[in-house]
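# Examining the three-dimensional arrangement
If you want the building blocks of each chain, they are given just below.
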Amino acid sequence: MSKSERIFKEAVEVMPGGVNSPVRAFASVGGTPRFIKSANGAKIVDVDENEYIDYIGSWGPMILGHNNIEIKNAVKEAVENGLSFGAATQIEVEMAKLICDIVPSIEMVRMVNSGTEAVMSAIRVARGYTKKDKIIKFEGCYHGHCDAMLVKAGSGLMTDGIPDSAGVPKGCAMDTLTAKYNNIDSVKELFENNKDNIAAVIIEPVAANMGVVTPKENFLKQLRELCDKYNSLLIFDEVITGFRLGLDGAQGLYSITPDLTTFGKIVGAGMPVGAYGGKKEIMKCVSPVGSVYQAGTLSGNPIAMSAGICQLRILLENKHIYDNINAKGEMLRKGMKEILIKHSLPYQVTGVGSLSCLLFTEKSVIDYETAKTSDTKMFAKYFNEMLKQGIYLAPSQFEAIFMSNAHTDEMIEKTLYAMDKAFNII
Ligand SMILES: *Cc1c(COP(=O)(O)O)cnc(C)c1O
């Protein structure tokens, strides 16, 4: 029995499924989750000393690679002064200024502790500001695990085959309307039927929790226009795309200005951090200035801020990093497409920039319906063959392949070689 297997046996006795977040479990791919001991650059090592090329990158934050020396030093320096004060600190102001400088649509920002919290708060602000209740979300988009957003919510739920979570009172989900991704008519219809009641439309501008699905030309622009027409707010959930698809995220890439934006993952460089922000007029609704209450004992934690700020500064001062990771993403996608052709497989390679996905379906993936046609059993076989060869992919068909600046061309070639071999076997 491997050490991971031994630890997992203990884990399931004291933790639901042996994990603190469901996608970490290998439920949909079979086998035992690897317990990770350390990571450096693009490599990750488990407790049995197996080394893998890692394509999860802590689900996005490790855009520079694991264990970056500058970030580590920034954290060490911050730790010297104490872990948390529960009082205002200058470093929080630095973080806020940095985000406002980097992302033009953000004039004011509030730090929180996770992406879920950022979304939950942004929705409350949208409702408070517009004095309307209903929210439009898209099937297959994940916005964290708050009650109102657990409706047709992508990866974790798709993988487990649970359509919606138990324990969500009907009342909580009642004001959540779902539209189809890349289908503007489905949004129009909801607006027409709920004319004065839509507080906001929330969307992952690139959907990265049902595989990676890019927005059709003009789709985001049309959403912006509909929100303006009906006096509703447009919220971009950039928890995955923020600071990844460019410094100013998907909104920069597609030139759309949302009213509110949510961040998570990358903004904390691996520490538990989230943020939401937008126009001053809207953010002034937040307590203690405005009447929308939102608080957090550990929000803006100095250690977390030091890590996040350090990473954002590196990205700001080295914009070529985006060219690098985008080129590596493109190299991987091109290589994967060639291998599919070689093996006469009809699967889909999707993605943009440093986010990629291989979906096991012959259908072109544009929304939740088409993503769902993926052969998850085939993915499970593929996942396990790749793992055996030292390639650590997300243990779900519906998660992205995250490229970091630490991945080398040789590692990508090794990954493609492993993929070729895997398709000879499965
Ligand atoms: C991960 C994710 C969230 C939730 O963030 P947590 O930090 O896990 O709470 C929200 N939205 C999107 C798009 C995400 O990918």
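### Considering the domain arrangement of the chain
When its domains are assigned, the chain resolves into domain 1 (3-67 + 319-425) and domain 2 (69-317). Spacing between the C-alpha centres of domain 1 and domain 2 amounts to 25 Å. Domain 1 puts 35 residues into the contact, and the matching count from domain 2 is 39 residues. Regarding the contact of domain 1 and domain 2, the summed buried area is about 3100 Å², with carbon and sulfur atoms giving 65% of it. Of all residues in domain 1, the largest losses of buried area upon contact with domain 2 belong to Y322, Y368 and F398, amounting jointly to 23% of the total for that side. One can count 10 residue pairs in polar contact (both at pLDDT 80 or more) joining domain 1 with domain 2.

### Details of the side chain of Q311
Looking at the secondary structure, you find Q311 in helix α11 (residues 302-317). When its relative accessible area of 1% is taken as the criterion, Q311 is described as buried. Ignoring any residue separated from it by four or fewer positions in sequence, one finds Q311 in contact with P61, I63, L64, I71, I266 and A269.

### With respect to the sheet that holds strand β11 (residues 348-352)
Spatially, 3 strands are ordered β11-β12-β14 in an open sheet, and the strand pairing comes out antiparallel. Two strands close off the open sheet at either side, each with one partner strand: β11 and β14 (401-402). Pairing analysis gives 2 bridges linking strand β12 (residues 355-359) to β14, with the strands arranged antiparallel. Counted as the bridge partner of L355 is F402 from β14.

### Comments concerning the site of the ligand
The ligand sits among S114, G115, T116, Y142, H143, G144, E204, N209, D237, V239, I240 and K265. Within the contact set of the ligand, an oxygen atom lies 2.9 Å away from a backbone nitrogen or oxygen of G115. Between the ligand and D237 there is a distance of 2.7 Å, counted from a nitrogen atom to a side-chain nitrogen or oxygen. For the ligand, whose accessible area on its own is 380 Å², the fraction buried by protein is 83%. Of the residues that constitute the shell around the ligand, the class distribution is 3 nonpolar, 6 polar and 3 charged.

### Observations concerning the pairing of strand β7 (residues 198-203)
Most of β7 sits inside the fold, with 6 of its 6 residues counted as buried. Strand direction decides the pairing type here: strand β5 (residues 134-138) and β7, joined by 3 bridges, are parallel. Bridge pairing in β7 places K134 opposite I198. Remark: the β7/helix α8 (residues 219-229)/strand β8 (residues 233-237) crossover connection has right-handed handedness.

### Concerning the packing of helix α7 (residues 184-193) against α8
Running from amino to carboxyl end, α7 crosses α8 at an angle of 10°, the nearest separation of the two axes being 10 Å. Of the possible angle classes, the one that applies to α7 and α8 is roughly parallel. Contact residues: I184, V187, K188 and F191 in α7; F219, Q222, L223, L226 and C227 in α8. Broken down by class, the residue content of the contact of α7 with α8 amounts to 7 nonpolar, 1 polar and 1 charged.

### Points about the packing of aromatic side chains
Counting across every chain of the model gives 16 aromatic pairs. Aromatic side chains F26 and F383 sit 5.3 Å apart centroid to centroid with 85° between the ring planes, which places their arrangement in the edge-to-face category. In this pair, F26 sits in the loop between α1 (3-14) and β1 (36-40) while F383 sits in helix α14 (residues 376-388), placing the two residues 357 residues apart along the sequence. Both residues of the pair, F26 and F383, count as buried. Feature note: the residues F26, Y347, F360, F379, Y382, F383 and F423 constitute an aromatic cluster, connected by ring pairs.

### Comments concerning the nonpolar core
F138, L223, L358, Y382 and M419 are the most contacted members of the largest nonpolar core, which has 80 residues in total. Two domains each donate at least three residues to this core, and these are domain 1 (3-67 + 319-425) and domain 2 (69-317). When residues no more than four places from it in sequence are discounted, the contact partners of L223 are F138, I184, V187, V201, I203 and L234. Residues V103, I266, V273 and Y322 belong to the second largest nonpolar core, which totals 34 residues.

### Looking at the sheet that holds strand β6 (residues 176-179)
Hydrogen bonds between backbone groups are what pair the strands of a sheet, and the pairing can be parallel or antiparallel. The mixed open sheet is built from 7 strands, whose spatial order is β4-β10-β9-β8-β7-β5-β6. Of all the strands in the sheet, just β4 (108-112) and β6 have a single pairing partner and so form its edges. Taken pair by pair, the neighbouring strands of this sheet meet at an average axis angle of 20°, ignoring direction. Alignment of β7 against β8, held across 4 bridges, turns out to be parallel. Its bridge partner being in β8, V201 is matched across the sheet by L234. The strands touched by helix α3 (residues 90-102) are β4, β9 (260-263) and β10 (274-278); relative to β4, the strand with the most contacts, the crossing angle is about 125°.

### Topic: the packing of α14 against helix α15 (residues 409-425)
Each pair of packed helices gets described by two things: the angle between the helix axes and the distance between those axes. The N-to-C vectors of α14 and α15 enclose an angle of 130°; their axes lie 9 Å apart at closest approach. Put simply, α14 runs oblique to α15. Where α14 crosses over α15, the two elements pack in a sense that is right-handed. Of the residues in α15, those touching α14 at Y382, E385 and M386 are T415, A418, M419, A422, F423 and I425. Broken down by class, the residue content of the contact of α14 with α15 amounts to 7 nonpolar, 1 polar and 1 charged.

How each quantity is defined
Residues numbered from 1 in each chain as written. Predicted model: local features only at pLDDT ≥ 70, side-chain atom pairs only at ≥ 80, totals over all residues. Heavy atoms only, no water. Domains from an automatic or database assignment. Contact = heavy atoms within 4.5 Å. Buried area = accessible area lost by both parts, 1.4 Å probe. Polar contact = N/O pair within 3.5 Å; in protein donor to acceptor, adjacent residues only side chain to side chain. Helix = DSSP H or I, 4+ residues; strand = E, 2+ residues; numbered from the N terminus. Buried < 20%, exposed > 50% of the residue type's maximum accessible area, 1.4 Å probe, protein only. Pairing = 2+ DSSP bridges. Near = heavy atom within 4 Å. Areas by Shrake-Rupley, 256 points an atom, 1.4 Å probe, with all protein chains shown as cover. Nonpolar A, V, L, I, M, F, W, Y, C, P; charged D, E, K, R; others polar. Right-handed = clockwise from strand over helix to strand, strands pointing away. Axes fitted to C-alpha atoms, helices over the stretch in contact; angles between N-to-C directions. Parallel < 35°, antiparallel > 145°, perpendicular 65-115°, else oblique. Phe/Tyr/Trp six-rings, centres within 6.5 Å; stacked < 30°, edge-to-face > 60°. Core = buried A, V, L, I, M, F, W, Y, C linked by side-chain atoms within 4.5 Å. Left-handed = near helix turned anticlockwise from the far one by under 90°.

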